[in-house]
Amino acid sequence: MPELPEVETSRRGIEPHILNRKVTNVIIRQKQLRWPIPATLKKQLTSQIIRQVERRGKYILLRTDAGTVILHLGMSGSLRILKPSITAEKHDHVDICFNNNKVLRLRDPRRFGAVLWTKADPLKHKLLANLGPEPLDDEFNAQYLFEQSRNRKVAIKTFLMNSHIVVGVGNIYANESLFAATINPGRGANRISLARYQKLVPAIKSILKKSIEQGGTTLKDFINEDGNPGYFQQTLAVYGRESEACNRCGTAITKMVQNQRSTFYCRQCQK
Ligand SMILES: [Zn+2]
């Protein structure tokens, strides 16, 4: 699943090709994504110039003077920049064509992604209005998490993955940052001290930043004709390492399920 670093990498990958470019056509081959693509999209977007390519959480916003396209990659979506002559394949549902002879093409085999249009402030759209802070912004800090967690008995890992608390901390990043901060993923969010949140927050930021930096090496894939832009391989300390030795203490990594998502942790060093 594309996580925040992949979405940010996608944003950076497409931006230089479409910023300040005029939309010449919109081709919709399959309108039934997570929500139907608005019937008016082609009419509204054609002839508009992309003024800004922005990210909020896992949404990419293409701002024009007439309104904003809200894109989400869902479970399996990817964006590429191609020449219009490249034939669309089975899961290539949407093309946005530009006046520089380039096409922004959305591929989404599982169709959980979204392509929406709003004339209003996209940050106030119902999907975005209640999102928590961006994890890399200063607003997301230990004091904030500590205060938000005081009345929450929910497990810290589930708490971190709640997009109303903070956006973009997906399953892998929650697992990895709790390992880095030596916090047991099952511990109640309200039972974690400010001092421990002061370890956790920098861990989250540094893991996400590292992943975005690694994504930079895949930017060329956005103009690669074959395949999908990389969902990059990361160096993982606990995620997916059940029964393997903990990098810190050698204890076998434990796997459990929390909120229907896999959790990996070291029961020796995460308390
Ligand atoms: Zn350990």
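Structure's up top.
What counts, and at which threshold
Residues numbered from 1 in each chain as written. Predicted model: local features only at pLDDT ≥ 70, side-chain atom pairs only at ≥ 80, totals over all residues. Heavy atoms only, no water. Helix = DSSP H or I, 4+ residues; strand = E, 2+ residues; numbered from the N terminus. Contact = heavy atoms within 4.5 Å. Pairing = 2+ DSSP bridges. Axes fitted to C-alpha atoms, helices over the stretch in contact; angles between N-to-C directions. Donors = N, O, S within 2.8 Å, 3.2 Å for Na, K, Ca; no water. Tetrahedral: all angles 85-135°; square planar, octahedral: opposite > 155°, others 65-115°. Phe/Tyr/Trp six-rings, centres within 6.5 Å; stacked < 30°, edge-to-face > 60°. Buried < 20%, exposed > 50% of the residue type's maximum accessible area, 1.4 Å probe, protein only. Lys NZ or Arg CZ within 6 Å of the ring centre and 35° of its normal. Salt bridge = Lys/Arg side-chain N within 4 Å of Asp/Glu carboxyl O.

1. Focus on the side chain of Glu3
And step 1. Mapped onto the elements of the fold, Glu3 is located in the segment before α1 (4-18).
And step 2. When neighbours within four sequence positions are excluded, Glu3 is seen to be in contact with Lys58, Gly170, Asn171 and Tyr173.

2. Concerning the sheet that holds strand β6 (residues 92-98)
Whether parallel or antiparallel, the strands of a sheet pair through hydrogen bonds between backbone atoms.
And step 1. The antiparallel open sheet is built from four strands, whose spatial order is β1-β6-β7-β5. The sheet is open, and its two edges are formed by β1 (23-28) and β5 (78-82), each paired on a single side. Neighbour-to-neighbour, the strand axes of this sheet turn through a mean angle of 15°, independent of strand direction.
And step 2. Of the pairings in the sheet, the one linking β1 to β6 comprises five bridges and is antiparallel in character. Bridge pairing in β6 links Val23 to Phe98.
And step 3. Seen against the sheet, α1 touches β5, β6 and β7 (103-107) and runs at an angle of roughly 30° to β5.

3. A word on the coordination of the zinc ion
And step 1. Around the zinc ion, the protein contributes the donor atoms Cys246 (SG), Cys249 (SG), Cys266 (SG) and Cys269 (SG), at 2.2 to 2.3 Å from the metal centre.
And step 2. The coordination sphere of the zinc ion comprises four donor atoms, whose angles at the metal cover 100 to 125°; the geometry is tetrahedral.
And step 3. For the zinc ion, the donor residues sit on a single chain with the sequence spacing C-x2-C-x16-C-x2-C. With Cys246 in the loop between α6 (194-215) and β9 (254-258) and Cys269 in the segment after β10 (261-265), the pair connects residues that are 23 residues apart, well separated along the chain.

4. Here's the deal with the packing of aromatic side chains
And step 1. Considering all chains together, one arrives at two aromatic pairs under this definition.
And step 2. With 6.3 Å between their ring centres and 65° between their planes, Phe140 and Tyr144 make a pair best called edge-to-face. Here the two residues Phe140 and Tyr144 agree in accessibility, since each one is buried.
And step 3. Ring centres of Tyr239 and Phe264 lie 5.2 Å apart, and the angle between their planes is 70°; this geometry places the pair in the edge-to-face category. One end of the pair, Tyr239, is in the loop between α6 and β9; the other, Phe264, is in strand β10, and 25 residues separate them in sequence.
And step 4. Classification of Tyr239 as partly exposed rests on a relative accessible area of 27%.
And step 5. The positively charged end of Arg248 is found above the aromatic ring belonging to Phe179, 3.9 Å away from the centroid.

5. So, the pattern of salt bridges
And step 1. Following the criterion strictly, the structure yields 16 salt bridges and no others.
And step 2. Salt-bridge contacts for Asp95 lead to Arg29; the nearest nitrogen and oxygen are separated by 2.6 Å. Of this pair, Asp95 sits in strand β6 while Arg29 sits in the loop between β1 and α2 (41-45), and the two are 66 residues apart along the sequence.
And step 3. Relative accessible area serves as the criterion here: at 38%, Arg29 is assigned to the partly exposed category.
And step 4. For Asp92, the salt bridge goes to Arg80, with nearest N and O atoms at 3.8 Å. With Asp92 in strand β6 and Arg80 in strand β5, this residue pair connects regions lying 12 residues apart in the sequence.
And step 5. Owing to a relative accessible area of 1%, Asp92 belongs among the buried residues under this scheme.
And step 6. Look at Arg80 and you get buried, because its relative accessible area is 2%.
And step 7. Connected via shared salt-bridge partners are Glu8, Arg11, Arg12, Glu15, Arg55, Arg56 and Glu134.

6. Observations concerning the pairing of strand β3 (residues 59-63)
And step 1. Most of β3 is tucked away: four of the five residues are buried.
And step 2. Taken together, the five bridges between strand β2 (residues 52-56) and β3 define a ladder with antiparallel strand orientation. Its bridge partner lying in β3, Val53 is registered against Leu62.
And step 3. Taking the residues between adjacent antiparallel strands as the criterion, β2 and β3 are bridged by two residues, where Gly57 takes a positive phi near 60°.
And step 4. When β3 meets strand β4 (residues 68-72), the two strands line up antiparallel, connected through five bridges. When the bridges of β4 are listed, Leu62 appears paired with Val69.

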